[in-house]
Amino acid sequence: MRPSWKLSSGAGVCDFPHDPDASPDGDPLFWSPRFQPHAVKLIRAEPDEAASEPTVVLAHLDGLDLRHATDGWHGIWQTDGVEHQFWLSESVPEATAFYAVKLPLDDFMELRAHAARRFWRSLKGRKPGPDFRNMPAQLRQWHILSLRALDARLRGESYRTIAEVLLGFRGTKEDFESGPSKNKARRLVAHGIRMMRGGYRLLLHYPVKVVPMVQGR
């Protein structure tokens, strides 16, 4: 019997149909613009007569994966090895139109502006330029190890086993209890739990850290 899955409204992804016979990683991941700052929100605008080639038909872009939802059209455009995501909430992608980008003045304004600039450069046939959000290899490895440690712990593995497999620990029980590997294995599992419980969404707006506003300041 097929399990009854419960959709989490806070998962962060758009709930689009998927071919059950296809590979789980075969389809692009459409993150909700609520959680994905570099999902470029496009709105129709009046063209500037001085602009060159002001109009575009988004639906005709090569390498485009387009989906429709209740909140509009979502597109992932892959070109020159770069993936752009855009969102049309008030228009259709088949129409020839001139577009503007909506940039809220929020904590993610720099991320949105950077994504919009890279999207615009690709539309113009230019190289989009580097992504300043690239994560350092050491931090990326930490996230990967934490998820592997979490998987092991959920399967009932001990912290010592996790340290042996993931951290290369070798020694006696006494060595493990008094050494740093035990604490590091625990930190990996704790971080994996935080990521599982929604912390993974913080990666969508890396490296921006949102600082909660304190009332009265």
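As a reminder, the structure under discussion sits directly above these lines.
This report concerns the structure included in the present document. In this convention, every chain numbers its residues from 1, walking through the sequence in written order. Local features are withheld for residues below a pLDDT of 70 in this predicted model, meaning they are given only at 70 or higher, and side-chain atom pairs are given and counted only at 80 or more; totals for whole chains, interfaces and linings count all residues. Hydrogens and water are ignored here; the side-chain numbers use all heavy atoms of the structure.

### Quick notes on the sheet that holds strand β4 (residues 82-88)
Logical step 1: Taken in spatial order, the five strands line up as β2-β3-β4-β1-β5 in an open sheet, and their pairing is mixed. Every other strand in the sheet has two partners, leaving β2 (64-69) and β5 (99-101) as the edge strands with one partner each. Mean inter-strand twist for the sheet, computed between neighbouring axes without regard to direction, equals 30°.
Logical step 2: At least two DSSP bridges between two strands are required for those strands to pair. Strands are runs of DSSP state E lasting at least two residues, helices are runs of H or I lasting at least four, and both sets are numbered from the N terminus onward. Across six bridges, the pairing between β2 and strand β3 (residues 72-79) is antiparallel. Residue pairing in the sheet places L66 in a bridge with G75 of β3.
Logical step 3: Packing of helix α1 (residues 109-123) onto the sheet brings it into contact with β1 (39-44), β3, β4 and β5, and relative to β4 it is tilted by some 105°. In this description, a line fitted to the C-alpha atoms serves as the axis of each element, helices being fitted only across the stretch in contact, and the angle between N-to-C directions of two axes falls anywhere from 0 to 180 degrees. We call two residues in contact whenever any of their non-hydrogen atoms come within 4.5 Å of each other.

### Notes on the pattern of salt bridges
Close approach of charged atoms lets side chains of opposite charge pair.
Logical step 1: A pairing counts as a salt bridge when a side-chain nitrogen of Lys or Arg comes within 4 Å of a carboxyl oxygen of Asp or Glu. Applying the stated criterion across every chain, the model contains five salt bridges.
Logical step 2: Its salt-bridge partner being E164, residue R160 comes within 3.5 Å of it at the nearest N-O pair. Here R160 and its partner E164 are both found in helix α3 (residues 159-166), four residues apart, which amounts to about one turn of the helix.
Logical step 3: Relative accessibility decides the category of a residue: with a 1.4 Å probe and only protein chains considered, values under 20% of the type maximum give buried, values over 50% give exposed, and everything between is partly exposed. Of the residues examined, R160 reaches a relative accessible area of 28% and is grouped as partly exposed.
Logical step 4: When the shortest N-O distance is used, the salt bridge between E177 and K182 registers 2.6 Å.

### Quick look at unusual backbone geometry
Logical step 1: For the bond running from Y206 to P207, omega is 10°, close enough to zero to count as cis.
Logical step 2: Position of P207 relative to the elements: it lies in the segment after α5 (180-196).
Logical step 3: Phi is positive for D80, close to 55°, though the residue is something other than glycine.
Logical step 4: Mapped onto the elements, D80 comes out in the loop between β3 and β4.

### With respect to helix α2 (residues 137-154)
Logical step 1: Between its terminal C-alpha atoms α2 stretches 26 Å, which fits the 26 Å expected from 18 residues at 1.5 Å a residue.
Logical step 2: Turning to α2, its buried residues number three or more, namely H143, L145, S146, A149, L150 and A152. One fewer than the residue count of a helix, multiplied by 1.5 Å, yields its expected span.

### Section: the nonpolar core
Most often, soluble globular proteins have nonpolar side chains that are buried together.
Logical step 1: Buried residues of nine kinds, namely Ala, Val, Leu, Ile, Met, Phe, Trp, Tyr and Cys, make up a nonpolar core once their side-chain atoms join them within 4.5 Å. Among the nonpolar cores identified, the biggest contains 13 residues, and V40, L42, L58, F86, L88, Y99 and F119 are the most heavily contacted of them.
Logical step 2: Within the residue set of this core, elements represented by two or more residues are β1, β3, β4 and α1.
Logical step 3: Looking at this core element by element, the count peaks at three residues for α1.
Logical step 4: Apart from residues no more than four positions distant in its own chain, L42 is found in contact with L58, F86, W87, L88, Y99, A100, V101 and F119.
Logical step 5: In terms of nonpolar packing, the next biggest core, distinct from the first, is built from twelve residues, L166, F169, A185 and L188 among them.

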